[in-house]
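Read off the chains here:
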Amino acid sequence: MVEVSPSRSRPCDGRWRVVWVALRWGLPVLWVLWAGLAWWVEPRESTEAQLDRDLAAGRVVTYQRANGWTDDDAYWGSRPALRPAEQGWMITWTLPSGQTRYALVQPPDPQSYSVGPDRSAQTWPDARLAAVADPWHVGGDSASRIANTAGLLAGVLTLLWLGRLIVGAPPLAGTRWFWFWVGLLPFGVGVLAWTYRELWRPPPAPVPGRGSGWRGFGWLILAGVGISLLVSVARIVFGTTVVPG
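Keep in mind that what you see is a predicted model, and the values were worked out from it rather than measured. (Residues numbered from 1 in each chain as written. Predicted model: local features only at pLDDT ≥ 70, side-chain atom pairs only at ≥ 80, totals over all residues. Heavy atoms only, no water.)

Structural notes on the overall build of the protein chain
If you tally the helices and strands in the protein chain, you get 8 helices and 6 strands. The order of α-helices and β-strands along the protein chain, N terminus first, is α-β-α-β-β-β-β-α-α-β-α-α-α-α. Buried positions account for 42% of the 245 residues belonging to the protein chain. In the protein chain, the share of contacts with a sequence separation of at least 24, taken over all contacts with a separation of at least 6, comes to 66%. Carbon and sulfur atoms provide 66% of the accessible area of the protein chain, an area that totals close to 13,600 Å². (Helix = DSSP H or I, 4+ residues; strand = E, 2+ residues; numbered from the N terminus. Buried < 20%, exposed > 50% of the residue type's maximum accessible area, 1.4 Å probe, protein only. Contact = heavy atoms within 4.5 Å. Areas by Shrake-Rupley, 256 points an atom, 1.4 Å probe, with all protein chains shown as cover.)

What about a nonpolar patch on the surface?
The grouping of Trp 214, Phe 217, Ile 221, Val 225 and Leu 229 at the surface amounts to a nonpolar patch, some 560 Å² of accessible area in total. Locating Trp 214 in the fold gives a position in helix H8 (residues 213-238). (Patch = residues over 30% accessible without salt bridge, like charges linked within 9 Å, V, L, I, M, F, W, Y side chains within 5 Å. Salt bridge = Lys/Arg side-chain N within 4 Å of Asp/Glu carboxyl O.)

Regarding the packing of aromatic side chains
What describes a pair of aromatic rings is the distance from one ring centre to the other and the angle between the planes of the rings. One pass over the full model with this rule turns up 9 aromatic pairs. An aromatic cluster is defined as three or more aromatic residues linked by ring pairs; in this entry it consists of Trp 177, Phe 180, Trp 181 and Phe 217. Note that Arg 24 overlies the ring of Trp 200, its terminal NZ or CZ placed 3.6 Å from the centroid. Taking NZ or CZ as reference, Arg 44 lies 4.5 Å from the ring centre of Trp 39, over its face. (Phe/Tyr/Trp six-rings, centres within 6.5 Å; stacked < 30°, edge-to-face > 60°. Lys NZ or Arg CZ within 6 Å of the ring centre and 35° of its normal.)

As for the packing of helix H2 (residues 48-56) against helix H4 (residues 125-132)
Between H2 and H4, whose axes approach to 11 Å, the crossing angle comes to 30 degrees. The angle between the axes of H2 and H4 places the two elements in the roughly parallel class. Both H2 and H4 take part in a crossing whose hand is left-handed. The residues of H4 that touch H2, namely those facing Glu 48, Leu 51, Asp 52 and Leu 55, are Pro 125, Arg 128, Leu 129 and Val 132. For the contact of H2 with H4, the per-class residue count stands at 5 nonpolar, no polar and 3 charged. (Axes fitted to C-alpha atoms, helices over the stretch in contact; angles between N-to-C directions. Parallel < 35°, antiparallel > 145°, perpendicular 65-115°, else oblique. Left-handed = near helix turned anticlockwise from the far one by under 90°. Nonpolar A, V, L, I, M, F, W, Y, C, P; charged D, E, K, R; others polar.)

Details of the pattern of salt bridges
Overall, the coordinates contain 3 salt bridges when judged by the stated rule. Linking Arg 128 and Asp 52 is a salt bridge whose minimum nitrogen-to-oxygen distance equals 3.2 Å. Here Arg 128 is found in helix H4, whereas its partner Asp 52 is found in helix H2, with 76 residues between them in sequence. Residue classification places Asp 52 among the partly exposed positions, given a relative accessible area of 34%. Measuring nitrogen to oxygen at the nearest pair gives 2.7 Å for the salt bridge that ties Asp 54 to Arg 101.

Here we look at the environment of Trp 161
Tracing the sequence through the fold places Trp 161 in helix H5 (residues 142-167). Sequence separation of Trp 161 and Gly 183 is 22 residues, and the distance between their C-alpha atoms is 8.7 Å. Dropping the residues within four chain positions of it, Trp 161 is found in contact with Leu 27, Trp 179, Phe 180, Gly 183, Val 191 and Trp 194.

A short note on helix H7 (residues 189-200)
Along H7, the residues that are buried comprise Gly 190, Val 191, Trp 194, Thr 195, Glu 198 and Leu 199. End-on view of H7: buried residues confined to an arc of 140 degrees, all on one side of the axis. (Arc of directions from axis to C-beta.)

A short note on the side chain of Arg 65
Here Arg 65 lies in strand E2 (residues 62-69). For Arg 65, a relative accessible area of 4% translates into the label buried. Polar contacts involving the side chain of Arg 65 include one to the main-chain carbonyl oxygen of Gly 88, which spans 2.7 Å. (Polar contact = N/O pair within 3.5 Å; in protein donor to acceptor, adjacent residues only side chain to side chain.)

A closer look at the environment of Val 105
Assignment of secondary structure puts Val 105 in the loop between strand E5 (100-104) and helix H3 (117-123). Taking the C-alpha atoms as reference points, Val 105 and Met 90, 15 residues apart in sequence, are found 5.5 Å from one another. Apart from the residues lying within four places of it in its own chain, the contact partners of Val 105 are Glu 48, Arg 65, Gly 88, Trp 89, Met 90 and Ile 91.

Here's the deal with unusual backbone geometry
Its identity is not glycine, yet Phe 187 carries a phi of approximately 65 degrees, on the positive side. With respect to the helices and strands, Phe 187 occurs in the loop between helix H6 (176-182) and H7. Residue class for Phe 187 comes out partly exposed when judged on its relative accessible area of 27%.

Some details on the side chain of Gln 50
One can find Gln 50 in helix H2. Relative accessible area serves as the criterion here: at 17%, Gln 50 is assigned to the buried category. Those residues in contact with Gln 50 that lie beyond four places of it in its chain are Arg 59, Trp 93 and Arg 101.

Written out as structure tokens, the structure reads:
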């Protein structure tokens, strides 16, 4: 077990030791919980055939026809808002498990709704969806509850990390600004890097020429691009079921 160096804590003060141990274990545990919930609730691209199967099995809870999302840059794990449209090119639906699926579909022909209820129900999924599911809403359904829990965990994780970074002892492997910029990496990767380098494997003394804020900003850009490329490749290789987004 890595011991705390004298420069990292106040001598003879067991409270700081407790705080250090709590952060050392608490931050990774919070990250695992948040990442698992965020991965589960993240919208997954699907097909009309899967929508038909979910309808037949009674698994559709809410639905919405839309023209895409209004907040493509929302943080990972949040439930994105839709741009509702009666003749939209996308149908989104949620499942009792809390997962969200969406499929790209042809916009319905308005004349198809005038040919009779039977044919309309057979041709377009909208009538079938309306008969068994509620309109899309951000509220009490399981998808919203999971997304809200993920958001709460993300907030707690961020506050704990920032609090320790700002008011705690100076970092040993980089400056505060260096770790601030690195901590902004997507998926909480930067917070994990800080936890590992400063709490799990800290150097015995401050590293000469510790990373500056500009170096941290550069790492944020380079590593951010690398993570985005890695996720894109993983999505192509494993599919959106494993790597949603």
